[in-house]
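Next come the chains, spelled out residue by residue.
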Amino acid sequence: GILPVCIGQSTRIIQFLSPLPKHYQCVMELGLTTDTQDAMGKVITQKDTIDITTERIKRILQEFCGEQKQVPPMYSAKKNKGIPLYKLARSGITIERRPVSVYFFSIEFVSREKNRVKFEVHCSKGTYIRTLCHDIGQKLGCGAYMANLVRSGVGLFDLKTSITLDDLKQASENRLL
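These lines cover the structure that appears in this document, whether it is placed above or below. Each chain has its residues counted from 1, running along the sequence as written. Local features in a predicted model are, by the rule used here, given only for residues with pLDDT of at least 70; side-chain atom pairs are given and counted only at 80 or more, and totals for whole chains, interfaces and linings are based on all residues. Side-chain descriptors were evaluated using all non-hydrogen atoms of the structure, hydrogens and water having been removed beforehand.

## Here we look at helix α4 (residues 129-140)
Link 1 in the chain: Helix and strand assignments come from DSSP, with helices taken as H or I runs of at least 4 residues and strands as E runs of at least 2, each series counted from the N terminus. How far a helix is expected to stretch is found by multiplying one less than its residue total by 1.5 Å. With twelve residues, α4 extends 16 Å between its outermost C-alpha atoms, agreeing within 8% with the 16 Å of an ideal straight helix rising 1.5 Å per residue.
Link 2 in the chain: The complete set of buried residues in α4 reads Ile129, Arg130, Thr131, Leu132, Cys133, Ile136, Gly137 and Leu140.
Link 3 in the chain: Every residue pair with non-hydrogen atoms within 4.5 Å of one another is taken to be in contact. On the buried face of α4, the contacting elements are β1 (22-30), α2 (54-63), β4 (66-70), β7 (100-113), β8 (116-123) and β9 (144-154).
Link 4 in the chain: Following α4 by one or two positions, glycine 141 has its phi on the positive side, about 85°. Only protein chains enter the calculation, and the probe is 1.4 Å; a residue is then buried if its accessible area is under 20% of its type maximum, exposed if over 50%, and partly exposed in between.

Put into structure tokens, the structure is as follows:
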């Protein structure tokens, strides 16, 4: 996915890149929840999805558009008293987190194959897509976690105009930077 990187003198503009809106391509797995809200976590609940229709999923995705309050996940880099939450979580410590305002400009259903739902999101900075998946699963009543995520855009930067790390290495070796 996209990660804007600034080199040399351009490092001065990095402060202007982090607040830019983001675009994501996401795959959500219905029927399971994990302690990390993603595929890396331990499964903590499993529920039947037989009654979950594609039309209901599409409707609920749209209900999340606009301003939302989102509770940051314990497995995140967000800090509490200078300590990243993921370090506390790995030590078995869970703390209360305050909801923060995030904004979803659009959430577009792409496809569904059994319990895997693909969708695209355009959102504000500070949004946790795995928490969005978890919250959608809660609203559906079956649970869900984020199975895959690709950041496809940051502001005006997108996958089509990006270069790979190999391209960057090659340019550096050829002294094109």
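Next, the rest of the story.
## Section: the sheet that holds β1
Link 1 in the chain: Pairing in this open sheet of six strands is antiparallel, and the strands run β4-β7-β8-β1-β9-β10 from one edge to the other. Looking at the sheet topology across the chains shown, the edges are occupied by β4 and β10 (157-158).
Link 2 in the chain: Packed onto the sheet, α2 meets β1, β4, β7 and β8 and runs at close to 160° relative to β7.
Link 3 in the chain: To define axes, lines are fitted to C-alpha atoms, for helices over the stretch in contact only, and angles between the resulting N-to-C directions are given on a 0 to 180 degree scale. On top of the sheet, α4 reaches β1, β4, β7, β8 and β9; it is set at about 140° to β9, its chief contact. At least two bridges found by DSSP between two strands are what make those strands a pair.

## Brief notes about α2
Link 1 in the chain: Among the residues of α2, Ile57, Ile60 and Leu61 are the ones counted as buried. Relative to the axis of α2, the buried residues are bounded by an arc of 105° and lie together on one face.
Link 2 in the chain: Buried positions along α2 lie against β1, β7, β8 and α4. By construction, the arc corresponds to the directions joining the helix axis to the C-beta atoms.

## Comments concerning a nonpolar patch on the surface
Link 1 in the chain: Exposure above 30% relative accessible area and the lack of any salt bridge qualify a residue for a patch; like charges then connect within 9 Å, and the nonpolar side chains Val, Leu, Ile, Met, Phe, Trp and Tyr within 5 Å. Here the accessible surface of atoms and residues is derived via Shrake-Rupley with a 1.4 Å probe, and residues count as covered only by protein chains that are part of the display. Definition used for salt bridges: Asp or Glu carboxyl oxygen within 4 Å of a side-chain nitrogen of Lys or Arg. A cluster of nonpolar residues, Leu3, Val5 and Ile7, forms a patch on the protein surface that exposes about 310 Å² of accessible area.
Link 2 in the chain: Position of valine 5 relative to the elements: it lies in the segment before α1 (14-17).

## Some details on the layout of surface pockets
Link 1 in the chain: In this structure, the largest pocket encloses a volume near 450 Å³.
Link 2 in the chain: Along the wall of the largest pocket there are 17 residues; nearest its centre are Leu3, Pro4, Val5, Ser162 and Ile163.
Link 3 in the chain: Gly counts as polar in this scheme, as do all residues outside two lists: the nonpolar Ala, Val, Leu, Ile, Met, Phe, Trp, Tyr, Cys and Pro, and the charged Asp, Glu, Lys and Arg. Here the residues of the lining of the largest pocket are counted per class, giving 13 nonpolar, four polar and no charged.
Link 4 in the chain: Only protein atoms enter the 1 Å grid used here. Points where a 1.4 Å probe fits but cannot escape make up a cavity, open sets with protein on both sides within 12 Å along at least five of seven lines make up a pocket, and a residue lines them when an atom lies within 4 Å of a point. Taken together, 17 residues make up the lining of the second largest pocket; nearest its centre are Asp35, Met74, Tyr75, Thr94 and Arg97.
Link 5 in the chain: Sorting elements by how many residues they give to the lining of the second largest pocket places α4 first, with three residues. Grid points are joined across faces, edges and corners, and a volume is the space filled by probe spheres set on the points.

## Thoughts on the pairing of β8
Side chains on a regular strand alternate between the two faces of the sheet.
Link 1 in the chain: Of the two faces of β8, only one is covered, namely that formed by Val117, Phe119, Val121 and Cys123; the face formed by Arg116, Lys118, Glu120 and His122 stays uncovered.
Link 2 in the chain: The pairing of β7 with β8 spans eight bridges and is classified as antiparallel. Each residue of the ladder has a partner; that of isoleucine 107, found in β8, is valine 121.
Link 3 in the chain: What sits between the antiparallel neighbours β7 and β8 is a turn of two residues, in which lysine 114 has the positive phi angle 55°.

## A short note on the nonpolar core
Link 1 in the chain: As used in this record, nonpolar core signifies buried Ala, Val, Leu, Ile, Met, Phe, Trp, Tyr and Cys residues forming a set joined through side-chain atoms within 4.5 Å. In terms of nonpolar packing, the biggest core is built from 24 residues, with Leu30, Phe119, Val121 and Ile136 touching the most fellow members.
Link 2 in the chain: With five residues, α4 is the largest single contributor of residues to this core.
Link 3 in the chain: If we ignore the near neighbours within four places in the chain, the residues touching valine 121 are Lys22, His23, Tyr24, Phe104, Ser106, Ile107, Ile129 and Leu132.

## Here's the deal with the pattern of salt bridges
Link 1 in the chain: One pass over the full model with this rule turns up three salt bridges.
Link 2 in the chain: Its salt-bridge partner being glutamate 29, residue arginine 116 comes within 2.6 Å of it at the nearest N-O pair. Of this pair, arginine 116 sits in strand β8 while glutamate 29 sits in strand β1, and the two are 87 residues apart along the sequence.
Link 3 in the chain: Classification of glutamate 29 as buried rests on a relative accessible area of 13%.
Link 4 in the chain: The salt bridge partner of lysine 58 is glutamate 55, with a shortest N-O separation of 3.8 Å. You can see lysine 58 and its partner glutamate 55 sitting in helix α2, three residues apart, about one turn around the helix.

So far we have only geometry, and geometry alone does not tell us how the molecule works.
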